Amino acid sequence: MLLSRVWFLVLAAAAIVGLSTALLARGVINREQVGFVDEQLRRDRFGSEMLLKLDARARIDALSPIAADSAIREGVRGKHGDGQEGGKALRERLRSMNQQLEELRADILIAVDADGVIVAQEGRRAARAGAGLGKVPLVARALSGFLGDDVWIYDGQVYRMAARPIIDRGAYVGAIVHAQKLDAVLAQRMSERLGGPTVGFFFRDKVLASYAPTDKPGAPTPPELAAQLTAARADERLKRGERTDPLELAGRGRVVFSLVAGSASTAEVGYMVARSYTTLPTPFAIFDQAKKEDVDALPKLTLGLALLGLFLVAMGIMYLERDRPLAIFRAQVDKIAEGKAEELELAHLIRQHRKIGESIHKAIDTMVAQGGGSRHKPKANLDEILGPAPDNLTSSAFSFGGEQSSAVATAPQPVALPPPTSPGGAARMPPPPAPAKPPPAPLKAQPAPNLDEKSVALRLDTLGSLAKPSNGNAGYATPDEEAHFREVFSKFVKLREQCGEATSDLTYERFLGTLQKHRDQILQSRPEARGVRFTVYEKEGRAALKAAPRKA
Amino acid sequence: MNRSVQSGRSAAPAVGMLLAMLVTSAATAVDVRGSVRSSEEPKSKGIEAIRAPYWQEWNGFIEPKKSSVDYPREVSAVLIGAAEMRDATSIALRDGTLLPSTIVVQHGTTLRIRNEDDFGHELYVPGLKGFDAVETSPGSTRTIQMEQTGVFELRDRLSPHVHATLHVVAKVTQVVSPNADGGFVFKDVAPGSYVVKVFRGRSEITATELEVANSKDIVLTAIALDSGAVRSKPGK
């Protein structure tokens, strides 16, 4: 079962590695997603700056035809008040020219004279008499000959501003000031050109305008952006005019904040760009994220082969460690059931089955003992069969069974058996037979020692090797004897079979050795005998042998 | 007859002798005239902001106008004598900024700020109690009682370029702003001892002691703004 355990360990390790990989992959993927969005936002901020700068330039340039318009130059030079007749004409001219700007059309278009006083303005009510903008840096610079842009908070609104000087007859006679609201239209234009982020403008803690793309499911919403305004305004980088680090939007998006370029930056006017990202809530969510091409790219054949290989390894291990040992165990049990074996061959069983076998043996022993019998049939132990060779014997009888009824006069010297080497047979090793003193003939049958097959074979070998003839006839057989021994063996085997006794462990060589040993012992005790004859007979349902010396 | 008064520590004895000669038996109110001048051409400033605008460039056709010191806006001349100024000090939000940007007010008096612009402002003074950011709509006037002496920065929450320096002093007789040429006049100055101070932003440019003793108008020597904040103690 070692392989099975190792296999289960391998499978558990593989499962843990797989789960860990999935969890790590989830974290890595989520972090990569966040990093990717942060990088996108960094580019968005750069792109926003470029767009706003180009937008400012476009508005400045759009003022060129207005600043060069003769009617406007005349009107500014004439210093007509905004509410006066000349101012009204100038206002109409401004309106007309403003309409031509189309996308760059100003929400407020103002003409100021050389002192910065408002001469006419389009897009809001007529200015109060004498009201001016001459000290506002953008206008002051325009009146000095500079064109430029800025962002103002004007009338409670935030405007992108642009201004150009009006030059007439070689002198600066005034300036044109262009104002466009920082509104959702600009936010939408920026979002579309940046590729779909949510864009908004803020003034302190208030969102002025915003645009969330409708074709981007899950795009951050303006309220989500507004929720981060407090944190953004506390950011030292924002206060220095830099962009903030990306801020988290409820775990599903990131947003960066930046102040606008211009005066209003000091008043905390800025813009914000946000993008959403998708994270994996669980490792298994990766299956929902996978696309068809991802599935197509899987090495299906390799995975299939790996699956098959793992299955085969598991099946092989199951066969080696479960099915085959079980089959062996079952076969042995079947043998017992069929009477072909008396007990399990524990040496051939795996450890678990061996323990079960030992338990079975104990159970059988207990049951048989309770029934007054013995589980063991006599073994093919020829020593027991033949008994000790009598020293002074005219004939001896041998039989199988619990008692040995042979009339052996002399018993062989006890033989010290080596300890059993089979692990399964250790428990069943009988004690060596006690030294047999020359008993009064006839000897009583002794209980068959409880030897397993290996021990029996070993003992037979030992006995065979020790059975050296002490006289000249020892250790050989004449052709006549040979034929006799074979006949006896044949009859003995046949009778055992008839008695239902096992014969598989009975070999002629061992049988012969034992017969010779007994023959030799008899001949030693009866030197006048010419030989020994063995007779097979049945005694108490078991095969037995008799040995009788032949007279000279 | 106009007499000039030297300012500065070295001119004090001469001023004292001159003033003594001008004393007449009948003491009546006179005008005290003075002037400030700056020999340095102010540098053309761009838009001051945390983030500068994207574009600020010359138009390419005509040379830019040279800028000059805006005396009326930047400078305030103060006469300090026995009499106290009880009237409110009035300033204006005009042309998109505060006029003047150097404001001198006597402690305990009222500062009135009238918005003559076409758009609203939210003026405030950090650290000055009662001067929080409150909108002053076009055409309206905001009034603040000066209960704390010191030098403060007055700012606008909506228009960052709008800022001024507010000097709240213990005693003031008259406060005047120079004209575009730098000249200023303290009118109807009663005989007595005075100190003339000139402020520009946070700086007190000069402090000149003045003795008004007869009915003749007095002309002070021109005060150079570039000399820095020098306090003088002239004689009578």
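Going by the structure above, here's the rest.
These notes cover the structure that comes with them. (Residues numbered from 1 in each chain as written. Chains lettered and ligands numbered in written order. Predicted model: local features only at pLDDT ≥ 70, side-chain atom pairs only at ≥ 80, totals over all residues. Heavy atoms only, no water.)

Let's talk about the side chain of Arg204(A)
Inference 1: One can find Arg204(A) in the loop between β6 (198-203) and β7 (206-211).
Inference 2: Buried within the structure, Arg204(A) lacks any salt-bridge partner; its nearest side chain of opposite charge belongs to Glu268(A), at an N-O separation of 4.5 Å. (Helix = DSSP H or I, 4+ residues; strand = E, 2+ residues; numbered from the N terminus. Buried < 20%, exposed > 50% of the residue type's maximum accessible area, 1.4 Å probe, protein only. Lys, Arg positive; Asp, Glu negative; His and termini not counted. Salt bridge = Lys/Arg side-chain N within 4 Å of Asp/Glu carboxyl O.)

Focus: the pairing of strand β7 (residues 102-106) of chain B
Residues and elements named next belong to chain B.
Inference 1: Counted residue by residue, β7 has five buried out of five residues, so it is predominantly covered.
Inference 2: On β7, burial covers both faces: Thr102, Val104 and Gln106 on one face and Ile103 and Val105 on the other are all buried.
Inference 3: Where β7 meets strand β13 (residues 163-169), five bridges bridge the pair, whose relative direction is parallel. If you follow valine 105 over to β13, its bridge partner there is valine 168. (Pairing = 2+ DSSP bridges.)

Structural notes on empty space enclosed by the protein
Inference 1: Applying the stated criterion to the full structure yields three cavities of 30 Å³ or more.
Inference 2: Space inside the largest cavity adds up to approximately 90 Å³.
Inference 3: Lining the largest cavity, in full, are Leu52(A), Ala56(A), Arg59(A), Asp149(A), Asp150(A), Val151(A), Arg160(A), Leu182(A), Val260(A), Ala261(A) and Tyr54(B).
Inference 4: Looking at the lining of the largest cavity, the elements that each hand over two or more residues are α1 (2-62) and β3 (146-154) of chain A.
Inference 5: For the lining of the largest cavity, the per-class residue count stands at seven nonpolar, no polar and four charged.
Inference 6: When its volume is computed, the second largest cavity comes out at roughly 80 Å³.
Inference 7: The class makeup of the residues in the lining of the second largest cavity is eight nonpolar, three polar and one charged. (1 Å grid on protein atoms, 1.4 Å probe; cavity = no way out; pocket = protein on both sides within 12 Å on 5 of 7 lines; lining within 4 Å. Points joined across faces, edges and corners; volume = space filled by probe spheres on them. Nonpolar A, V, L, I, M, F, W, Y, C, P; charged D, E, K, R; others polar.)

Examining the pattern of salt bridges
Inference 1: Summed over all chains, the structure comprises 48 salt bridges over all chains.
Inference 2: For Glu39(A), the salt bridge goes to Arg43(A), with nearest N and O atoms at 3.2 Å. Of this pair, Glu39(A) and Arg43(A) both sit in helix α1, separated by four residues, roughly a single helical turn.
Inference 3: The exposure class of Glu39(A) is partly exposed, given its relative accessible area of 29%.
Inference 4: Note that Glu57(B) is salt-bridged to Arg57(A), the shortest N-O span being 2.6 Å. Pair noted here: Glu57(B) is in strand β3 (residues 56-58) and Arg57(A) is in helix α1, and the two residues belong to different chains.
Inference 5: Here the residues in one salt-bridge network are Asp55(A), Arg59(A), Glu103(A), Arg160(A) and Arg189(A), joined through shared partners.

Notes on the sheet that holds β3(A)
Hydrogen bonds between backbone groups are what pair the strands of a sheet, and the pairing can be parallel or antiparallel.
Inference 1: Taken in spatial order, the six strands line up as β2(A)-β1(A)-β5(A)-β4(A)-β3(A)-β3(B) in an open sheet, and their pairing is antiparallel. Only two strands of the sheet have a single neighbouring strand rather than two, namely β2 (118-122) of chain A together with β3 of chain B. Along the sheet, successive strands turn relative to each other by an average axial angle of 25°, direction set aside.
Inference 2: For strand β1 (residues 108-113) of chain A and strand β5 (residues 171-181) of chain A, the ladder comprises six bridges, and the chain directions are antiparallel. Residue Leu109(A) lies in a different strand from β5(A), and its bridge partner there is His178(A).
Inference 3: Sitting on the sheet, helix α3 (residues 70-77) of chain A touches β1, β2, β4 (157-168) and β5 of chain A, and the angle it makes with β4(A) is about 90°. (Axes fitted to C-alpha atoms, helices over the stretch in contact; angles between N-to-C directions. Contact = heavy atoms within 4.5 Å.)

Comments concerning unusual backbone geometry
Inference 1: With an omega of -5°, the peptide bond running from Leu99(B) to Pro100(B) counts as cis.
Inference 2: Of note, Pro100(B) is situated in the loop between β6 (97-99) and β7.
Inference 3: Unusually for a residue other than glycine, Ala250(A) sits at a positive phi of about 55°.
Inference 4: Among the structural elements, Ala250(A) can be located in the loop between β8 (247-248) and β9 (253-259).
Inference 5: At Glu268(A), a position not held by glycine, the phi torsion is positive, near 65°.

Some remarks on the environment of Gln498(A)
Inference 1: Looking at the secondary structure, you find Gln498(A) in helix α16 (residues 479-498).
Inference 2: In this structure, the C-alpha to C-alpha distance between Gln498(A) and Ala543(A), residues 45 residues apart in sequence, is 8.7 Å.

Description of the layout of surface pockets
Inference 1: By volume, the largest pocket amounts to about 1400 Å³.
Inference 2: Along the walls of the largest pocket sit 38 residues, with Lys45(B), Ser68(B), Asp70(B), Arg73(B) and Glu74(B) positioned nearest its centre.
Inference 3: Looking at the lining of the largest pocket, the elements with two or more residues in it are α5 (137-143) of chain A together with α2 (71-74) and β13 of chain B.
Inference 4: Element by element, the count of residues in the lining of the largest pocket is highest for α5(A), at four residues.
Inference 5: A breakdown of the residues in the lining of the largest pocket according to their chemical character gives nine nonpolar, 13 polar and 16 charged.

Things to note about the interface of chain B and chain A
Inference 1: At the junction of the two partners, chain B supplies 39 residues and chain A supplies 54 residues.
Inference 2: Of the roughly 3900 Å² buried where chain B meets chain A, counting both sides, 55% is carbon and sulfur surface.
Inference 3: At the junction of chain B and chain A, the tally comes to 28 residue pairs in polar contact (both at pLDDT 80 or more).
Inference 4: Of all elements in the fold, only β3 and β8 (110-115) of chain B reach the threshold of two or more residues within the side of chain B that touches chain A.
Inference 5: Considering every element that reaches the side of chain B that touches chain A, the biggest residue donor is β3(B), with three residues.
Inference 6: A class-by-class count of the residues in the side of chain B that touches chain A yields 15 nonpolar, eleven polar and 13 charged.
Inference 7: Examined bridge by bridge, β3(A) and β3(B) share three bridges and lie antiparallel to one another. Each residue of the ladder has a partner; that of Phe146(A), found in β3(B), is Trp58(B). (Buried area = accessible area lost by both parts, 1.4 Å probe. Polar contact = N/O pair within 3.5 Å; in protein donor to acceptor, adjacent residues only side chain to side chain.)

Examining the sheet that holds β7(A)
Residues and elements named next belong to chain A.
Inference 1: Pairing is antiparallel across the open sheet formed by five strands, whose spatial order is β7-β6-β10-β9-β8. Each edge of the open sheet carries a strand with a single partner, namely β7 and β8.
Inference 2: Pairing of β6 with strand β10 (residues 269-276), which is carried by six bridges, proceeds in the antiparallel orientation. Bridge pairing in β10 places valine 199 opposite valine 273.
Inference 3: Lying on the sheet, helix α6 (residues 184-194) is in contact with β6, β7 and β10; it crosses β7 at an angle near 50°.

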